[in-house]
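Below are the chains, spelled out letter by letter.
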Amino acid sequence: RLERIGVGSSVGTLSIYKAELCRTAYDYGKPADVFSQQDLSKAAAAAGGQNKAGRGTAKAAAPGGEKAAEVQAKNIEAARAEWKNAASRLRVEQVKEQIHEQSALSLDFLALLFIASILAGIGLITDSTVVIVASMLVSPIMGPVMGMTFGARVNDWALAKSSSVNEVVALLLSVAIGGVIGFTSSWSSGAEDWPTNEMLSRGETMGLVTGICIAIPSGMGVALSILGNNTASLVGVAISASLLPPAVNSGVCFAHGILIRAGAVSYPNSDDYSFGQIGGISFLLTVVNIVCIWISGIVMFAIKEVAPTKTKSAFWARDIKVARAQKQDSKKSVDVEVIRKGLSDALEKERQKERKMKREEGGLPLASLRR
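A quick note: this is a predicted structure, and the numbers were derived from the prediction, not measured.

### What to know about the pattern of salt bridges
In a structure, side chains of opposite charge can pair up when their charged atoms sit close to one another. Under the counting rule described, the total for this entry stands at ten salt bridges. Across the pair E70 and K74 runs a salt bridge whose closest N-O atoms are separated by 3.7 Å. Placement of the pair is E70 and K74 together in helix α4 (residues 62-103), with a separation of four residues, close to one helical turn. Between R91 and D319 there is a salt bridge, with the nearest N and O atoms lying 2.7 Å from each other. Of this pair, R91 sits in helix α4 while D319 sits in helix α14 (residues 314-328), and the two are 228 residues apart along the sequence. Residue R91 is classed as partly exposed on the basis of its relative accessible area of 25%.

### A few points about the side chain of T149
Within the secondary structure layout, T149 lies in helix α7 (residues 142-153). The exposure class assigned to T149 is buried, which follows from its relative accessible area of 0%. In contact with T149, not counting residues within four places along its chain, are I293, W294, G297, I298 and F301.

### Overview of the packing of helix α5 (residues 107-125) against helix α12 (residues 244-262)
When two helices pack together, their arrangement is given by the angle between the helix axes and the distance between those axes. At a minimum axis distance of 9 Å, the contact between α5 and α12 shows a crossing angle of 65 degrees. Considering the angle they form, α5 stands roughly perpendicular to α12. With respect to the hand of their crossing, α5 and α12 are arranged in right-handed fashion. Contacts from L113, A116, S117, A120, G121, L124 and I125 of α5 reach α12 at L244, P245, V248, N249 and V252. Split into classes, the residues belonging to the contact of α5 with α12 amount to nine nonpolar, three polar and no charged.

### Section: the confidence of the model for the protein chain
Model confidence for the protein chain is summarised by a mean pLDDT of 76, while 71% of its residues fall at 70 or above. The low-confidence segment residues 1-6 (pLDDT under 50) makes nine contacts with residues lying over four places distant or belonging to another chain. Considering only residues more than four positions removed or in separate chains, one finds that residues 24-40, a stretch of pLDDT under 50, has 31 contacts.

### Let's talk about the packing of helix α8 (residues 157-185) against α12
Contact geometry for α8 and α12: axes closest at 7 Å, N-to-C directions at 45 degrees. Classified by the angle between their axes, α8 and α12 sit oblique to one another. Remark: the crossing between α8 and α12 carries right-handed chirality. For the pair α8 and α12, the contacting residues are L171, S174, V175, G178, G179, I181, G182 and F183 in the first and L244, A247, V248, S250, G251, V252, A255 and L259 in the second. Within the contact of α8 with α12, the residues separate by chemical class into ten nonpolar, six polar and no charged.

### Focus on unusual backbone geometry
In this structure, the amide linkage connecting W194 to the following residue, P195, adopts the cis form with an omega of -5 degrees. Tracing the chain through its elements places P195 in the loop between α8 and α9 (197-201). Residue D127 is not a glycine yet carries a positive backbone phi of 60 degrees. As for its placement among the helices and strands, D127 is situated in the loop between α5 and α6 (129-138).

### Considering helix α15 (residues 336-360)
Under the 1.5 Å per step criterion, the end-to-end length of α15 is 36 Å for 25 residues, consistent within 8% with the ideal 36 Å. Within α15, burial applies to I339, G342, D345, E350 and M357.

### Re the nonpolar core
The biggest cluster of nonpolar side chains holds 52 residues, and the ones touching the most others in it are I141 and F150. The leading source of residues in this core is helix α13 (residues 272-306), at eight residues. Those residues in contact with F150 that sit more than four places away from it in its chain are V92, V95, K96, I99, L159, F301, F315 and I320.

Rules behind the numbers
- Residues numbered from 1 in each chain as written.
- Predicted model: local features only at pLDDT ≥ 70, side-chain atom pairs only at ≥ 80, totals over all residues.
- Heavy atoms only, no water.
- Salt bridge = Lys/Arg side-chain N within 4 Å of Asp/Glu carboxyl O.
- Helix = DSSP H or I, 4+ residues; strand = E, 2+ residues; numbered from the N terminus.
- Buried < 20%, exposed > 50% of the residue type's maximum accessible area, 1.4 Å probe, protein only.
- Contact = heavy atoms within 4.5 Å.
- Axes fitted to C-alpha atoms, helices over the stretch in contact; angles between N-to-C directions.
- Parallel < 35°, antiparallel > 145°, perpendicular 65-115°, else oblique.
- Left-handed = near helix turned anticlockwise from the far one by under 90°.
- Nonpolar A, V, L, I, M, F, W, Y, C, P; charged D, E, K, R; others polar.
- pLDDT = per-residue confidence, 0-100.
- Expected span 1.5 Å × (residues − 1).
- Core = buried A, V, L, I, M, F, W, Y, C linked by side-chain atoms within 4.5 Å.

What follows is the structure in structure tokens.
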């Protein structure tokens, strides 16, 4: 947990800290900011004629010194820029890691999918809205949609591809579980009332238009919930988008339609075409919802990135752009040599400054002049 929030860890005698804990060092301020006026007067009096004697030497060495100082300054700035880029990429990687955990086909993901699909199937065949809402809250299939959206925005197509595959697998499993529920429940007395209102509401053509109108703002809610820690918002999105129940409904209707066509079951006012149509529209509704959520989520990410708001975080102002540029660039890793050279030049610059101060102070210890 400490490592998750950015605290370092120890390996033997080596302490390792994550990049976001480190900040680039800036030069000391002007001498007046570091030393008191009285100390400066003492140093000037003690230096006396040494300053006059050293002026000629300093002027003679000025041209070469200025060039070396310019190269030194460029190395320090390059190291600072590379360090900031590395920190930005690390922050984006941490977000991608969290999203990947939510979209991976782990044991927890599959268990939640199994539980949610059973709840959705029971709610559909018993016409229970409460049970269906419970299945929406348990359903984990919004995670891969988040991975598809964020991966596409930062050009991490590996994350987007794996999330897409996991979403397809999750939907097929939902349909399969719905099919099992349909096969095992078709002989029950309650099947005489099929399709229920909950099954019909997800199998109407007009429901596709309604689904699009709901999925677009839902996708924007997903984008806001990814980094805003808005858990309540994500729960609301899961309920409004309702990706799982239509998929389970398609499996139930397909299975029941197959049994009717095979003559295994027979009920008045029901035929295989109507159940097949309801199942097809239900599955199409799920696909339409996912596509609309994905598109509107990407649009919301773009708006957050370019919106000129004063409260915009560094993640949207800089980190996303750096991560996207890194994916497009052939250089995949941090240029440690640039950072090493810049740190070396920064240390040498401080040493030169301290040697110069000691000469000007006429041997007065530097520590006694600090505030």
